[in-house]
Amino acid sequence: MSQHRHPGAPGRAGAVPALPDLPEATVARLPEYLRALHNLADAGHETVSSEGLAGAAGVNSAKLRKDLSHLGSYGTRGVGYDVALLIDQIEFVLGLTQRRAVALVGVGNLGHALAGYDGFASRGFRIAALFDADASRVGEMINGLVVRHIDELPRVAAEEAISIGVIATPAPAAQAVAEQLVAVGVTSILNFAPCVLSVPDGVDVRKVDLAIELQILSFHEHRKASLTALPAAGGSALTALPGGLATPDTQEAIGT
């Protein structure tokens, strides 16, 4: 990641002077910290301890302190972190100091819900345009925006300075939509379609698959049920696996 000098947030000494090169795991946790900090600020808190912020964000305090040290934020002994300053620092690192224009492609049930979600604006994102290939959808008004035909993407992307694309189409259409977004200069894509996209180097894709998340929860439910079914004392339970395999212990079967 290239280094960019930052003049600091207006009126705040100590804001992050340069964009740090962060581990991906840290980047993934920063939005959780930011949400917790906004909640603390809304509740009137000016400072917060590492333990308090970690608890609000759902991580352990040692991990939080290490993450924030990458930003140059170490807090003050006996006081903790300045909530407003830390919000400024995290928002700068996440690129939220400017409102980013987003194009949403696909206004079926999921896309319609995303288009109507008001939470994006409060976190630095502006849904600037809605697109669909279905002529029956074109012209529909959703949350103050008119749905346009996907063929209008090049012109609208240039007019609105679109920087992020959201794909909420059926899986068979997603790859073509991704290629259209890349062709107009979009280099960041959030993909809700249940498929893997092929994109050029330099294009970042984040995938959100609700069915996969449910399958992971199903594994945990299965595991809990299997553990509950183990003999109460001293016995060994055989867990049958597809293909005729069996393991003498449920925990060994799942690799724990």
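Every value quoted in this text rests on a predicted model; they were computed, and no experiment measured them. All residue numbers refer to position in the chain's written sequence, counted from 1. In view of the model being predicted, local features appear only for residues whose pLDDT reaches at least 70, and side-chain atom pairs are presented and counted only at 80 or more, with totals across whole chains, interfaces and linings using the full set of residues. Water and hydrogen atoms play no part in the side-chain values, which are based on all heavy atoms of the structure.

Chemist: What is the right way to read the nonpolar core from this model?
Modeler: A general tendency of soluble globular proteins is for nonpolar side chains to be buried together. Of all hydrophobic cores here, the largest spans 23 residues; its most connected members are Leu37, Leu53, Leu68 and Ile90. Of all elements in the fold, only helix H1 (24–42), helix H2 (50–57), helix H3 (61–69) and helix H4 (83–93) reach the threshold of two or more residues within this core. Pairs of residues are marked as contacts when any of their non-hydrogen atoms sit within 4.5 Å. With sequence-adjacent residues up to four places away left out, Leu37 is seen in contact with Val48, Leu53, Val83, Leu86, Ile87 and Ile90. Ala103, Ala129, Leu153 and Leu197 belong to the second largest nonpolar core, which has 22 residues in total. The nonpolar core is taken to be a set of buried Ala, Val, Leu, Ile, Met, Phe, Trp, Tyr and Cys residues, with the residues joined through side-chain atoms within 4.5 Å. Residue burial is assigned from relative accessible area. The probe radius is 1.4 Å, only protein chains are included, and a residue is buried under 20% of its type maximum, exposed over 50%, and partly exposed in between. Helix and strand labels come from DSSP, where a helix needs a run of H or I of at least four residues and a strand needs a run of E of at least two; each type is numbered from the N terminus.

Chemist: Sorry, what's going on with the side chain of Thr169 here?
Modeler: For Thr169, the location among the structural elements is in the loop between strand E7 (162–167) and helix H7 (171–183). Thr169 gets classed as buried once you look at its relative accessible area, which sits at 11%. Dropping the residues within four chain positions of it, Thr169 is found in contact with Val105, Gly106, Ala174, Val177 and Ala193.

Chemist: Help me out: how do you make sense of the UniProt feature "binding site: NAD(+)" (unreviewed entry) in the protein chain in this one?
Modeler: UniProt positions are given in the numbering used here, feature names are shortened, and annotations may be inferred rather than shown by experiment. Per the UniProt annotation, the sites labelled "binding site: NAD(+)" (unreviewed entry) are Gly106, Val107, Gly108, Asn109, Leu110 and Gly111. Mapped onto the elements, Val107 comes out in the loop between strand E3 (100–105) and helix H5 (109–115). In this structure Val107 touches His112, Leu130, Phe131, Asp132, Arg137, Ile142 and Val147, once residues within four positions along its chain are discounted. Following the sequence through the fold, Gly108 ends up in the loop between E3 and H5. A relative accessible area of 26% places Gly108 in the partly exposed class. Each residue touching Gly108, except ones within four places of it in the same chain, is listed here: Asp132 and Arg137.

Chemist: Is there a simple way to explain H3 in this structure?
Modeler: Along an α-helix, residues three or four apart share an orientation, since each turn contains 3.6 residues. Three or more residues of H3 are buried, namely Ser61, Leu64, Asp67 and Leu68. Projected down its long axis, H3 shows its buried positions confined to an angular sector of 120°, all on one face. Taken together, the buried residues of H3 touch H1, H2, strand E2 (81–82) and H4. For this quantity, the arc is that covered by the directions from the helix axis to the C-beta atoms.

Chemist: Please explain the pattern of salt bridges as it appears in this structure.
Modeler: Two side chains with opposite charge may pair up if their charged atoms get near one another. By definition, a salt bridge exists where a carboxyl oxygen of Asp or Glu is found within 4 Å of a side-chain nitrogen of Lys or Arg. Under the counting rule described, the total for this entry stands at nine salt bridges. With a closest N to O distance of 3.2 Å, Glu160 and Arg126 form a salt bridge. Separated by 34 residues along the polypeptide, Glu160 in helix H6 (residues 153–160) and Arg126 in strand E4 (residues 125–132) bring together distant segments of the chain. Residue classification places Arg126 among the partly exposed positions, given a relative accessible area of 31%. Notably, a salt bridge pairs Lys224 with Glu221, separated by 2.8 Å at the nearest N-O pair. Placement of the pair is Lys224 and Glu221 together in helix H8 (residues 210–228), with a separation of three residues, close to one helical turn. Residue classification places Lys224 among the partly exposed positions, given a relative accessible area of 46%. Using a relative accessible area of 49% as the deciding quantity, one classes Glu221 as partly exposed.

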